[in-house]
Amino acid sequence: MLAASQSLHAQPAGNVLLVINRNDPVSVQIGEYYQERRGIPPENVCPIDSFLIEEIEWQMYLDSVERPIAACLVAAGLQEKVLYIVTTRGVPLKIRGGGAGFESESASVDSELTLLYGKLHGTQYPRAGAVPNPFFGKLDAVFRHPTYPIYMVTRLGAWDVADVKRMIDHSLAAKNTGKFVFDLRAIRDDGDTWLRAAARLLPADRVIIGETSGGVHPQKNVIGYAGWGSNDPNRKSRSVNFGWLPGAVVSDFVSTNGRTLNPPPYDWLFPLGFAGSTQSLSADYLGEGATASTGSVYEPFLTGSVRPDYFFPAYYRGRNLAESYYLAMPFLSWQGIILGDPLCTLGKP
């Protein structure tokens, strides 16, 4: 019981490595704000000089992202102490590679960075395909090194600086209150099964679940939401029109909802193409007022998506944001991103 109790305590700012791209003023501005608000020690700030584009090639990633971050960790002697790496909007988002399906070499920058701990200790990983997440499903485990040889990586990213600052402020103000909303497609598939399981694992008086073709109506005081985004035929709007509480989190099953942090036109609707896809976008939730959201930069497949039945109960019980998402994420070196402050926590119920 002691180990489980310790795992629920918020980690101090000294366990965070903050990465900023000095070539991007927005990245620098976000980094400065987060460092001040969270009290990140100066030695835990890692400035890199990377590209000003979201999609990069593998060599660009190695030269301008991974190796400079490794150098920061080693120079400050933080390889073991750092548990969480926080990238910022303006750090490249995704790596373009060859292959297809589960043999794809493409990945999110953040998911690839999770392996850096292992690489610093001599582990070699294949470039193609996903790497099983050793923390997946470890509901009561304490996340620490070297037991779990990964870094948990999240991103302070949204449509603009104002959205990111609000995310940070709301992370600091989060409380364990409000409703968890689950919006099913009314189809008997694995995704709906996981959503139903998540709902059952939370207090009944704090759950709203939509299992009909009518979907979920606008709600107030929402602390968590999961659904299918544009994959739900009943979803007609970019906005779910919720009243979000500080600390509110989102997870939905959409293949490329994290493909860009460049905002679409104000009147864009997701049946129309934008940034290479017609699918809905995770950052829209953050623009509405949610505090964190998951996304995928390329196709993750349903089996590679965040499991809501692991994530939401862990977050409700007091795990911080990073640990809650990562114990629900089956694969690393894959397509997922987490938009949010890793230290955000609701505290115990």
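Residues numbered from 1 in each chain as written. Predicted model: local features only at pLDDT ≥ 70, side-chain atom pairs only at ≥ 80, totals over all residues. Heavy atoms only, no water.

Enquirer: Any chance you could explain the sheet that holds strand S6 (residues 107-108) here in plain terms?
Expert: What links the strands of a sheet is backbone hydrogen bonding, and the strands pair in either a parallel or an antiparallel sense. With respect to topology, three strands assemble into an open sheet ordered S3-S5-S6, the strand pairing being mixed. In this open sheet, the two strands that pair with only one neighbour each are strand S3 (55-57) and S6. The sheet contact formed by S3 and strand S5 (residues 94-96) spans three bridges and is parallel. Counterpart to Ile56 in the pairing with S5 is Ile95. Sheet contacts for helix H3 (residues 58-75): S3 and S5; angle to S3, the most-contacted strand, approximately 95°. (Pairing = 2+ DSSP bridges. Helix = DSSP H or I, 4+ residues; strand = E, 2+ residues; numbered from the N terminus. Contact = heavy atoms within 4.5 Å. Axes fitted to C-alpha atoms, helices over the stretch in contact; angles between N-to-C directions.)

Enquirer: Is there a simple way to think about helix H2 (residues 25-38) in this case?
Expert: Since one α-helical turn is 3.6 residues long, residues separated by three or four positions face the same way. Helix length check: H2 (14 residues) gives 20 Å between terminal C-alpha atoms against 20 Å at 1.5 Å per residue, within 8%. When we look at burial in H2, the residues that qualify are Ser27, Ile30, Gly31, Tyr33, Tyr34 and Arg38. Across the axial projection of H2, the buried residues extend over an arc of 165°, all falling on one side. Opposite the buried face of H2, at more than 90 degrees from it, the exposed residues are Pro25, Glu32 and Glu36. (Expected span 1.5 Å × (residues − 1). Buried < 20%, exposed > 50% of the residue type's maximum accessible area, 1.4 Å probe, protein only. Arc of directions from axis to C-beta.)

Enquirer: Explain the pairing of strand S1 (residues 16-21) here, please?
Expert: Looking along a regular strand, one sees the side chains alternate between the two faces of the sheet. The element S1 is largely enclosed, with a buried count of six among its six residues. With burial as the criterion, each face of S1 is covered, one bearing Val16, Leu18 and Ile20 and the other bearing Leu17, Val19 and Asn21. Bridge count for S1 against strand S4 (residues 84-88) is three bridges, and the pairing is parallel. Bridge pairing links Leu18 to Val86 in S4. Where S1 lies against strand S2 (residues 45-48), four bridges are found, and the strand directions are parallel. When the sheet's bridge partners are listed, Asn21 is paired in S2 with Ile48.

Enquirer: I'm lost on the pairing of strand S9 (residues 179-183) in this one. Help?
Expert: Counted residue by residue, S9 has four buried out of five residues, so it is predominantly covered. Pairing geometry for S9 and strand S11 (residues 222-227), over four bridges, is parallel. Within S11, the position partnered with Lys179 by the bridge is Val222. Of the pairings in the sheet, the one linking S9 to strand S10 (residues 207-210) comprises four bridges and is parallel in character. Bridge pairing in S10 places Phe180 opposite Val207.

Enquirer: In this structure, what is going on with the nonpolar core? I would like to understand it.
Expert: It is characteristic of soluble globular proteins that their nonpolar side chains tend to be buried jointly. Judged by nonpolar contacts, the single largest core of 108 residues is most densely connected at Leu17, Tyr34, Tyr61, Ile69, Phe135, Phe182 and Trp244. Per element, the largest residue contribution to this core is eight residues, and it comes from H3. (Core = buried A, V, L, I, M, F, W, Y, C linked by side-chain atoms within 4.5 Å.)

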